[in-house]
Amino acid sequence: YQQWPEYERIIGAKYYLEPTTRDGVAKPRSVWKHDVSFRVQVLNREHPVTRGVDDFDIHDETYNLFDVAPGVTALLGTREPTSGPILAWAKHYAAARVVYLQLGHDHHAYENPHYRRVLTNAIRWVAHRD
């Protein structure tokens with residue numbers, strides 16, 4: 001799916017599996033790191049996906065050196081240096097609502113009540129149950 005151009009349009013981001021040049025700009029390979037404890041900031045408190053969620057700490061994976069499409073609605077972010085600044089966003093693809101959550105890679109995330117709230121809200125929003 002990383003090589004499928006439509007996937008990038010659906011999720012609103014591009015993770016680079018290898019160094020590449022895009023629109024004349026050199027892009028390094030994207031990176032990830034497992035077992036990182038970091039602070040998550042709510043970037044948009046008005047969106048239904050982040051409703052009732054305050055900034056929180058989490059233990060999860062981080063991803064960096066990827067591109068997020070312009071025009072997405074940034075929902076969660078971080079200042080963690082091993083991560084890109086945007087962790088979650090919402091967008092529309094055709095008639096569908098889309099939420100991308102970078103978080104949620106193991107039991108640490110799913111045991112976090114703040115992450116579970118974001119996930120529940122995201123499911124409700126994409127299902128038009130908000």
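That block above? That's the structure.
Summary of the structure given here. Note that this is a predicted model, so its numbers are computed, not measured.

**A closer look at the overall build of the chain**
(1) Moving on: Within the chain, the regular secondary structure consists of 3 helices and 9 strands.
(2) Moving on: Taken from the N to the C terminus, the helices and strands of the chain come in the order α-β-β-β-β-β-β-β-β-β-α-α.
(3) Moving on: Relative to a compact globule of 130 residues, whose C-alpha radius of gyration would be 14 Å, the chain shows 15 Å and is just as compact.
(4) Moving on: In terms of principal-axis extent, the alpha carbons of the chain reach across some 40 × 35 × 20 Å.
(5) Moving on: Put simply, 55% of the contacts in the chain that link residues at least 6 apart link residues at least 24 apart.
(6) Moving on: Here the chain displays about 7,600 Å² of accessible surface, and carbon together with sulfur accounts for 52% of that area.

**Points about the packing of aromatic side chains**
(1) Moving on: The full count for this structure, using the stated rule, is 4 aromatic pairs.
(2) Moving on: Aromatic pair Trp89 and Tyr100: ring centres 4.5 Å apart, planes at 15°, arrangement stacked. Of the two residues, Trp89 is situated in strand β8 (residues 86-93) and Tyr100 in strand β9 (residues 96-101); the sequence distance between them amounts to 11 residues.
(3) Moving on: For Tyr100, a relative accessible area of 27% puts it in the partly exposed group.
(4) Moving on: For the ring pair Tyr110 and Tyr115, a centre distance of 5.3 Å and an interplane angle of 90° mean the geometry is edge-to-face.
(5) Moving on: The exposure class of Tyr115 is buried, given its relative accessible area of 3%.

**Quick word on the nonpolar core**
(1) Moving on: Phe38, Val40, Ile58, Leu76 and Leu103 are the most contacted members of the largest nonpolar core, which has 20 residues in total.
(2) Moving on: Contributing elements (two or more residues each) for this core: β4 (31-42), β5 (56-64), β7 (73-77), β8 and α3 (113-126).
(3) Moving on: Once you skip the residues sitting within four places of it in the chain, Leu103 turns out to touch Phe38, Val40, Phe56, Ile58, Asp60, Leu76, Leu87 and Tyr115.
(4) Moving on: Core analysis: the next-biggest nonpolar cluster, separate from the first, contains 7 residues, Ala13, Tyr63, Val72 and Trp89 among them.

**A word on the sheet that holds β9**
(1) Moving on: Strand order in the open sheet made by the 5 strands is β5-β4-β7-β8-β9, with antiparallel pairing throughout. Single-partner strands in this sheet number two, and they are β5 and β9. Neighbour to neighbour, the strand axes of the sheet diverge by 40° on average, direction disregarded.
(2) Moving on: Pairing of β8 with β9, which is carried by 6 bridges, proceeds in the antiparallel orientation. Bridging from a neighbouring strand, Tyr93 pairs with Ala96 of β9.

**Let's talk about unusual backbone geometry**
(1) Moving on: At Asp23, a position not held by glycine, the phi torsion is positive, near 55°.
(2) Moving on: Within the secondary structure, Asp23 sits in the loop between β2 (20-22) and β3 (25-27).
(3) Moving on: Of the residues examined, Asp23 reaches a relative accessible area of 75% and is grouped as exposed.
(4) Moving on: If you check the backbone angles, His128 has positive phi at about 60° while not being a glycine.

Parameters and conventions
- For every chain, the first residue of its written sequence is number 1, and the numbers climb from 1 along that sequence.
- Under the rules for a predicted model, residues below a pLDDT of 70 receive no local features and side-chain atom pairs below 80 are neither given nor counted, while totals for whole chains, interfaces and linings still include all residues.
- Working from all heavy atoms in the structure, the side-chain values ignore hydrogens and water.
- Working definition: helices are DSSP H or I runs of at least four residues, strands are E runs of at least two. Numbering for both runs from the N terminus.
- Both definitions apply: the radius of gyration is a C-alpha atom measure, and the globule rule equals 2.2 Å times residues to the power 0.38.
- Contacts between residues were defined by any pair of non-hydrogen atoms, one from each residue, lying within 4.5 Å.
- For accessible areas, the Shrake-Rupley method is used with a probe of radius 1.4 Å. Any residue's cover is judged against the shown protein chains and nothing else.
- Between rings of Phe, Tyr and Trp, where Trp is taken as its six-membered ring, a pair exists when centres lie within 6.5 Å; planes separated by under 30 degrees are stacked, by over 60 edge-to-face, and by other angles tilted.
- Only protein chains enter the accessibility calculation, which uses a 1.4 Å probe; a residue is then buried when its area is under 20% of its type maximum, exposed when over 50%, and partly exposed in between.
- Only buried residues count toward a nonpolar core. Its members are Ala, Val, Leu, Ile, Met, Phe, Trp, Tyr and Cys residues joined through side-chain atoms within 4.5 Å.
- Here the rule is simple: two strands pair whenever DSSP picks up at least two bridges between them.
- Lines fitted to the C-alpha atoms define the axes, with helices restricted to the stretch that makes contact. Angles between their N-to-C directions range from 0 to 180 degrees.

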